[in-house]
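Residues per chain, in single letters:
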Amino acid sequence: MKGGPDTEAHDLHQAGEGQIVLVATPIGNLQDATDRLRTVLASAEIIAAEDTRTTQRLATVLGVEIRGQLISHHEHNEQRSTPELLEKVRQGATVAVVTDAGMPVVSDPGFRLVQAAVQDGLTVTCAPGASAVTTALAVSGLPSDRFSFEGFVPKKHGEKTRFLTDLQDQPRTLIFFESPHRVVDTLQVMTEVFGEDQIGCVARELTKLHEEVVTASLRELLDWTQTATLRGEFVLLLAPADNRRVELDDEQQLRLVDELVATGMRAKDATKQIAHEYGGSARTLYNLYQQRR
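Every value quoted in this text rests on a predicted model; they were computed, and no experiment measured them. (Residues numbered from 1 in each chain as written. Predicted model: local features only at pLDDT ≥ 70, side-chain atom pairs only at ≥ 80, totals over all residues. Heavy atoms only, no water.)

> Got a minute to help me understand the overall build of the chain in this structure?
When you go through the chain residue by residue, the secondary structure sums to 11 helices and 10 strands. Summarising its shape, the C-alpha atoms of the chain cover approximately 75 × 45 × 35 Å along the three principal directions. Per-residue burial for the chain yields a buried fraction of 43% across its 293 residues. Here the analysis covers contacts within the chain between residues at least 6 apart in sequence; of these, 71% occur between residues at least 24 apart. Of the roughly 15900 Å² of accessible surface on the chain, 47% is carried by carbon and sulfur atoms. Of the side chains in the chain, 30 bear a positive and 42 a negative charge, and the two mean positions are spaced by 4 Å. (Helix = DSSP H or I, 4+ residues; strand = E, 2+ residues; numbered from the N terminus. Buried < 20%, exposed > 50% of the residue type's maximum accessible area, 1.4 Å probe, protein only. Contact = heavy atoms within 4.5 Å. Areas by Shrake-Rupley, 256 points an atom, 1.4 Å probe, with all protein chains shown as cover. Lys, Arg positive; Asp, Glu negative; His and termini not counted. Charge placed at Lys NZ, Arg CZ, Asp CG, Glu CD.)

Quick look at the structure:
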């Protein structure tokens, strides 16, 4: 979208009118907390939190005193709590929805409440902020003009294979959430479905001290998992099916590697860059380079 932020803050909330405010929280780095997050935590009559203890700790760290009612609103009780929250909004309350990290509704609680509020014509607004989805996309180096967030990959092997097979021909970057103890299996299935030369990205612990972002072929990503620290929150991305590259044979790619090495770039970095730009395996290209020396 074109244009920049308005320099004047506008309060969309009319006096005496209830509203739901979806409030993004930091996904790791607390410096990403917005002033608006602090304001809403301090002023909302009701804060519907995925985990009240996590939200209370966040408020304490941010130096915010929660004066409103802090209640639980998560996937296991949202069917029961949604009607109660809607009634509070009808009575004129501001209900802030927060999750443990990131944007509510995006693979987190909040959708059922928002859907019901929209159907009832109630006001829903958003205090935007950090999101692992767009953060991972931005740093991956994969095409960002078209992308699709697919949520969590199914746990069972067969369901996972069918789920990914249905996405084979997607002409957009695909983004997934995955847990650390299933990331290897998911990358293995992705390799079987999309091919080992398909370009992907693993983003781990985004915005945190041990952040890692690795963009490479699926085979190289699988190799990376053998020595990597598989802890924390993971985002997996796959390049579009129609992310066509100029097709170059080995000799043509090696000549491009030579050109980069001549500028002072390390051979390993050069082969990785050329493999990423023109497809194929960086490891294979590096081995060919070494054999030719």
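Now that the structure is up, let's keep going.
> Sorry, what's going on with the layout of surface pockets here?
Over the atoms rolls a probe the size of a water molecule, and its path tells where empty space is left. Taken as a whole, the largest pocket spans an internal volume of roughly 880 Å³. Along its surface, the largest pocket is lined by 32 residues, and E50, D100, A101, D108 and E233 are the ones closest to its centre. Elements that contribute at least two residues to the lining of the largest pocket include exactly α2 (52-61), α5 (132-140), β7 (173-178) and β10 (234-238). With three residues, the single largest contributor to the lining of the largest pocket is α2. Of the residues contributing to the lining of the largest pocket, the split by class is 16 nonpolar, seven polar and nine charged. Its boundaries defined by the atoms lining it, the second largest pocket holds a volume of some 420 Å³. (1 Å grid on protein atoms, 1.4 Å probe; cavity = no way out; pocket = protein on both sides within 12 Å on 5 of 7 lines; lining within 4 Å. Points joined across faces, edges and corners; volume = space filled by probe spheres on them. Nonpolar A, V, L, I, M, F, W, Y, C, P; charged D, E, K, R; others polar.)

> Help me understand the environment of L164, please; the structure alone is not making it clear to me.
Looking at the secondary structure, you find L164 in helix α6 (residues 157-165). Owing to a relative accessible area of 0%, L164 belongs among the buried residues under this scheme. Taking C-alpha positions, L164 is 25 Å from T229, a pair spaced 65 residues apart along the chain. Setting aside residues no more than four positions away along its own chain, L164 makes contact with F176, V189, M190, V193 and F194.

> Just to check I follow, could you spell out the side chain of E220 for this structure?
Along the chain, E220 turns up in helix α8 (residues 218-225). It is R283 that comes nearest to the buried, bridge-free E220 among opposite-charge side chains, at 6.2 Å. If we ignore the near neighbours within four places in the chain, the residues touching E220 are S281, A282 and R283. (Salt bridge = Lys/Arg side-chain N within 4 Å of Asp/Glu carboxyl O.)

> Got a minute to help me understand the pairing of β7 in this structure?
Where burial is concerned, most of β7 is hidden: six out of the six residues are buried. Of the two faces of β7, the one holding T173, I175 and F177 and the one holding L174, F176 and E178 are both buried throughout. For strand β6 (residues 147-152) and β7, the ladder comprises four bridges, and the chain directions are parallel. Paired with F147 across the strands is T173, a residue of β7. Handedness of the crossover joining β6 and β7 through α6 is recorded here as right-handed. Across five bridges, the pairing between β7 and β10 is antiparallel. Within β10, the position partnered with F177 by the bridge is V235. (Pairing = 2+ DSSP bridges. Right-handed = clockwise from strand over helix to strand, strands pointing away.)

> I'm lost on empty space enclosed by the protein in this one. Help?
Throughout the structure, instances matching the rule amount to one cavity of 30 Å³ or more. By volume, the largest cavity amounts to about 40 Å³. As for the largest cavity, its lining consists of I199, T215, A216, S217, E220, K272, A275, H276 and A282. Those elements giving two or more residues to the lining of the largest cavity turn out to be β9 (212-217) and α10 (267-278). Class assignment for the residues of the lining of the largest cavity results in four nonpolar, three polar and two charged.

> Explanation requested: the sheet that holds β7 in the structure shown.
The strands making up a sheet are joined through hydrogen bonds of the backbone, oriented either antiparallel or parallel. As summarised here, the arrangement of the five strands in space is β6-β7-β10-β8-β9, forming an open sheet in which the pairing is mixed. Every interior strand has two partners, whereas the edge strands, β6 and β9, have only one. The average undirected angle you get between the axes of adjacent strands in this sheet is 15 degrees. Against the sheet, α8 makes contact with β8 (199-204), β9 and β10, and its axis sits at roughly 135 degrees relative to β9, the strand it touches most. (Axes fitted to C-alpha atoms, helices over the stretch in contact; angles between N-to-C directions.)

> Just to check I follow, could you spell out the packing of aromatic side chains for this structure?
The description of an aromatic ring pair uses the distance of the two centres, along with the angle that the planes make with each other. Taken as a whole and judged by the stated rule, the model has three aromatic pairs. Taking the centre distance of 5.5 Å and the plane angle of 65 degrees together, the rings of F152 and F177 count as edge-to-face. One end of the pair, F152, is in strand β6; the other, F177, is in strand β7, with 25 residues separating them in the sequence. Using a relative accessible area of 46% as the deciding quantity, one classes F152 as partly exposed. Judged by relative accessible area, F177 falls into the buried class, the value being 13%. Taking the centre distance of 6.3 Å and the plane angle of 70 degrees together, the rings of F163 and F176 count as edge-to-face. Here the residue F163 occupies a position in helix α6, and F176 occupies one in strand β7, the gap between them amounting to 13 residues. Counting every residue linked through ring pairs, the aromatic cluster contains F149, F152 and F177. (Phe/Tyr/Trp six-rings, centres within 6.5 Å; stacked < 30°, edge-to-face > 60°.)

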